[in-house]
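Given next are the chains, with one letter for each unit.
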Amino acid sequence: MTISKQELVDGIRFAGQRAAAALDHVQEFDYQLGHEWTTADAFRHVAQTAGGLSSFWPALENTERLSQVGIDAVASSNASNIEKLGEKSRDELRQMILDGAEVSAAFAETLDEDDLATVVTLGGYEMPKGELAAQIWIHHQIAHSYEASARWPIL
């Protein structure tokens, strides 16, 4: 089953709204997560990536080259981008998330259904382009927002 264009568009907008809601409700913004990021860092990362679908999409035309980008390079880029957003307020991050999700959703509206269904190989994945976009602009956004805001156990 491949995600349809409308499902991708709706999902990106939904993910942005859920990330913004998680940001709104988290109490400890500088809470240390189970790795080097804090809650604030995770939301900075979500804000930084939310609007990036149009920049990422052309790279799917050469997934061999994209697959050569190692995890260290991705981590370094993430760290740099998080640092650049270090002075942003919660409200600014929230707006970046919502605006970015809208930009990515609007771009997704321009995509061709057949192109979304084109299977690509990227790293350990072999999946349709649309599913790969969903992994990053829906699941990834929600996963980081959940990670940043969940405080277990909830009693």
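Residues numbered from 1 in each chain as written. Predicted model: local features only at pLDDT ≥ 70, side-chain atom pairs only at ≥ 80, totals over all residues. Heavy atoms only, no water.

Undergrad: I'd love a proper account of the packing of aromatic side chains, names of residues and values included.
TA: Enumeration over the complete set of coordinates arrives at 1 aromatic pair. Aromatic pair phenylalanine 56 and tryptophan 137: ring centres 5.5 Å apart, planes at 50°, arrangement tilted. Pair noted here: phenylalanine 56 is in helix α3 (residues 53–56) and tryptophan 137 is in helix α8 (residues 129–149), with a separation of 81 residues, a long-range link. One exposure class covers both phenylalanine 56 and tryptophan 137, and it is buried. (Phe/Tyr/Trp six-rings, centres within 6.5 Å; stacked < 30°, edge-to-face > 60°. Helix = DSSP H or I, 4+ residues; strand = E, 2+ residues; numbered from the N terminus. Buried < 20%, exposed > 50% of the residue type's maximum accessible area, 1.4 Å probe, protein only.)

Undergrad: Tell me about the environment of alanine 59, residues and numbers included.
TA: You can see alanine 59 is positioned in the loop between α3 and α4 (63–67). In this structure, the C-alpha to C-alpha distance between alanine 59 and threonine 2, residues 57 residues apart in sequence, is 20 Å.

Undergrad: Can you tell me about α8, naming the residues and giving the values?
TA: When the terminal C-alpha atoms of α8 are compared, their 29 Å separation across 21 residues agrees well with the 30 Å that a helix rising 1.5 Å per residue should span. Maximal helix bending in α8 amounts to about 35°, located at histidine 139. All of the buried residues in α8 are Lys129, Gly130, Leu132, Ala133, Ala134, Trp137, Ile138, Gln141, His144, Ser145 and Ala148. (Expected span 1.5 Å × (residues − 1). Bend = angle between axes of the 7 residues up to and from the residue.)

No statement about biological role is implied by the geometric values presented.
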